[in-house]
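# Close look at the chain arrangement
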Amino acid sequence: MSYRGNASKLPDVGTTIFTVMSRRAIEQRAVNVGQGFPDYPIDPDLAACVTEAIAAGFNQYAPMEGNVRLRAAIAAKIAAGGGRAVDPESELTVSCGGTESIYSAIQAVVGAGDEAIVFDPAYDAYDPAVRLAGGRCIHIPLAAPHFRYDWERVRANMGARTRLIIINNPHNPATSVATADDLDRLAELTRDRPITVLADEVYEHVLYDGRVHQSVMNHPELRERSFAVYSFGKTLHITGWRVGYCVAPAELTRELRKVHQFNAFSIAAPLQEAIRLYLDRHPDAWRTVGAFFSAKRDLLRARLADSGLAMPPAQGSYFQLADYSAIADCNDVEFTERLINDAGVAVIPLTPFYREPPADMRIVRLCVAKRDETLAEAASRICAYTAGRPRAREGA
């Protein structure tokens, strides 16, 4: 029997840019402000809840849909934040991070020959999941530097096979935030069509400068045909716990759970109970997330003010974009290599998030979910690297 070595379902997919850049950071002993994970400790009260949950016997399979009391706590959190009432039994599923919710939702509604619309730069988990479902992605770019939706272009790319539109709000890596008008336009375009919306809202609480999150779950039309995905990794600074959840109408939730039960099935029981305990004791913990990251965004921008990088303030997510076109005239992958090798700082290039990246893309992404000392050191190294360098437009 011969090995079908040419039968890869994802022949063009390699190691993610996040893994590559974090590995390079370790190799070069660089300050890592690339991959999106915090480098500071979690709340000791949250850590103590894990020990408490284990001691209380939460060591076997949790229910497939998620810890019953955790789901009730999530529904209460949504209501406390001004969201619509969610039935924790029929409309809420705990998943292995937000990514598993995204994957299971895509498998639930996309079939062979179907099309899904995604917006570039797009989080890299979307396209492979659509392809594994037998569909294909229609990639619509968000134009830099503001990365706003072009809904007329969306309309022009919708067809008889369009089954899914994926939005990311707040957006990673573009750091832009959808408006109420954006959701109204999306509702208009999908009205009376067999199209489901998948809203990746994992950065729902990481909004800056007074912005208010516009969720599909609070939109009178979109909530009836949308999956909305969330992550405790982002909200409670615990990316390694891999606990997220999906909110959707009962009919869509049933379809998602059909996939979820044969994918992850159930999420780590003590971690679910620990989060439940923590939410019970700190019901407002999520309310401080925006201000916490806003201070870090502002610190990084202030420390890089003299670096030569152009840094429009991020609107949301815990990332900050930096335009280096005044410093170097090279592609973003090469620039990130220069920063690692010559400055000792790891950042993420933007072009890997595109199907067809703009030829003149000169933007990289920095993560602000780091200790203040980490951000200050990264900024100091970047400023030292750029100091005295001739500007690219002057012939560098």
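These remarks concern the structure in this document. Keep in mind that what you see is a predicted model, and the values were worked out from it rather than measured.

### Some remarks on the overall build of the protein chain
- Helix and strand content of the protein chain: 13 helices and 12 strands.
- Taking 396 residues into account, the globule formula puts the C-alpha radius of gyration at 21 Å, and the protein chain, at 21 Å, falls close to it.
- Taken over the C-alpha atoms alone, the protein chain extends approximately 60 × 60 × 50 Å along its principal axes.
- The buried share of the protein chain, reckoned over its 396 residues, is 55%.
- Residue pairs at least 24 apart in sequence account for 75% of intrachain contacts in the protein chain once pairs closer than 6 positions are excluded.
- Accessible surface for the protein chain amounts to roughly 17,000 Å². Of this, 50% is attributable to carbon and sulfur atoms.

### Notes on helix H3 (residues 68-80)
- Compared with an ideal rise of 1.5 Å per residue, which puts 13 residues at 18 Å, H3 spans 19 Å between its outermost C-alpha atoms and is within 8% of the ideal.
- On its buried side, H3 packs onto strand E2 (92-96), helix H8 (232-235), strand E8 (243-247), helix H9 (250-260) and helix H10 (269-281).
- For H3, the N-terminal cap is Asn67; the gap from its side-chain oxygen to the backbone nitrogen of Arg69 is 2.9 Å.
- Two residues or fewer past H3, Gly82 is found with a positive phi of approximately 90°.

### Some points on the state of the cysteines
- Within this structure, the stated rule accounts for zero disulfides.
- Just so you know, Cys330 is unpaired, no disulfide at all, and the nearest cysteine sulfur is the one on Cys383, 18 Å from it.
- The buried category is assigned to Cys330, whose relative accessible area is 5%.
- Free of any disulfide, Cys367 has its nearest cysteine sulfur in Cys383, 18 Å distant.

### Points about the packing of helix H1 (residues 17-28) against helix H12 (residues 332-343)
- As a packed pair, H1 and H12 sit with axes 9 Å apart at the nearest point and diverge in direction by 25°. Between H1 and H12, the crossing angle belongs to the class labelled roughly parallel. Crossing angle aside, the handedness with which H1 passes H12 is right-handed. Facing H1, whose interface residues are Met21, Arg24 and Gln28, H12 presents Thr336, Glu337, Ile340 and Asn341.

### Some thoughts on the sheet that holds strand E9 (residues 319-323)
- Read across the open sheet, the three strands follow the order E9-E12-E11; overall the sheet is antiparallel. Because the sheet does not close on itself, it has two edges, and the strands there are E9 and strand E11 (348-349).

### Quick look at the environment of Phe353
- Relative to the helices and strands, Phe353 resides in the loop between E11 and strand E12 (363-367).
- Judged by its relative accessible area of 4%, Phe353 is buried.
- Separated by 229 residues in sequence, Phe353 and Asp124 place their C-alpha atoms 6.2 Å apart.
- Once residues within four sequence positions are removed from consideration, Phe353 is found in contact with Phe18, Asp120, Pro121, Ala122, Tyr123, Pro173, Ile348 and Arg365.

### Notes on unusual backbone geometry
- Cis geometry is adopted by the peptide bond preceding Pro145, which originates at Ala144 and carries an omega value of 10°.
- By secondary structure assignment, the location of Pro145 is in the loop between strand E4 (136-141) and helix H6 (151-157).
- That bond from Asn169 to Pro170 is cis: its omega, -10°, falls within 30 degrees of zero.
- For Pro170, the location among the structural elements is in the loop between strand E5 (162-168) and helix H7 (180-190).
- Even without being a glycine, Asp192 presents a positive backbone phi close to 60°.
- Considering the arrangement of structural elements, one finds Asp192 in the loop between H7 and strand E6 (196-200).
- Classification of Asp192 by relative accessible area gives exposed; the value is 80%.

### Comments concerning the side chain of Ser176
- Mapped onto the secondary structure, Ser176 falls in the loop between E5 and H7.
- Setting aside anything within four residues of it in sequence, one finds Ser176 in contact with His146, Phe147, Arg148, Pro170, His171 and Gln315.

### So, the sheet that holds strand E3 (residues 115-120)
- Spatially, the seven strands line up as an open sheet ordered E2-E8-E7-E6-E5-E3-E4, and their pairing is mixed. Every other strand in the sheet has two partners, leaving E2 and E4 as the edge strands with one partner each. Taking each pair of neighbouring strands and ignoring which way they run, the sheet shows an average axis angle of 25°.
- Relative to E4, E3 runs parallel, the two sharing six bridges.

### Topic: the side chain of His219
- With respect to the secondary-structure elements, His219 resides in the loop between E6 and strand E7 (226-231).
- When residues no more than four places from it in sequence are discounted, the contact partners of His219 are Leu183, Asp184 and Ala187.

### Topic: the nonpolar core
- In terms of nonpolar packing, the biggest core is built from 65 residues, with Phe119, Ile167, Val216, Phe232, Trp241 and Ile275 touching the most fellow members.
- Of the residues forming this core, the biggest block, six residues, is contributed by H10.
- When near neighbours in sequence (up to four residues on either side) are disregarded, Phe232 contacts Leu70, Ile74, His237, Ile238, Val243, Gly244, Tyr245, Ile275 and Leu279.
- Counting 58 residues, the second-largest nonpolar core is a separate cluster that includes Tyr203, Tyr324, Ala328 and Cys330.

What counts and what doesn't
- Residues numbered from 1 in each chain as written.
- Predicted model: local features only at pLDDT ≥ 70, side-chain atom pairs only at ≥ 80, totals over all residues.
- Heavy atoms only, no water.
- Helix = DSSP H or I, 4+ residues; strand = E, 2+ residues; numbered from the N terminus.
- Rg over C-alpha atoms; globule rule 2.2 N^0.38 Å.
- Buried < 20%, exposed > 50% of the residue type's maximum accessible area, 1.4 Å probe, protein only.
- Contact = heavy atoms within 4.5 Å.
- Areas by Shrake-Rupley, 256 points an atom, 1.4 Å probe, with all protein chains shown as cover.
- Expected span 1.5 Å × (residues − 1).
- Polar contact = N/O pair within 3.5 Å; in protein donor to acceptor, adjacent residues only side chain to side chain.
- Disulfide = S-S within 2.5 Å.
- Axes fitted to C-alpha atoms, helices over the stretch in contact; angles between N-to-C directions.
- Parallel < 35°, antiparallel > 145°, perpendicular 65-115°, else oblique.
- Left-handed = near helix turned anticlockwise from the far one by under 90°.
- Pairing = 2+ DSSP bridges.
- Core = buried A, V, L, I, M, F, W, Y, C linked by side-chain atoms within 4.5 Å.

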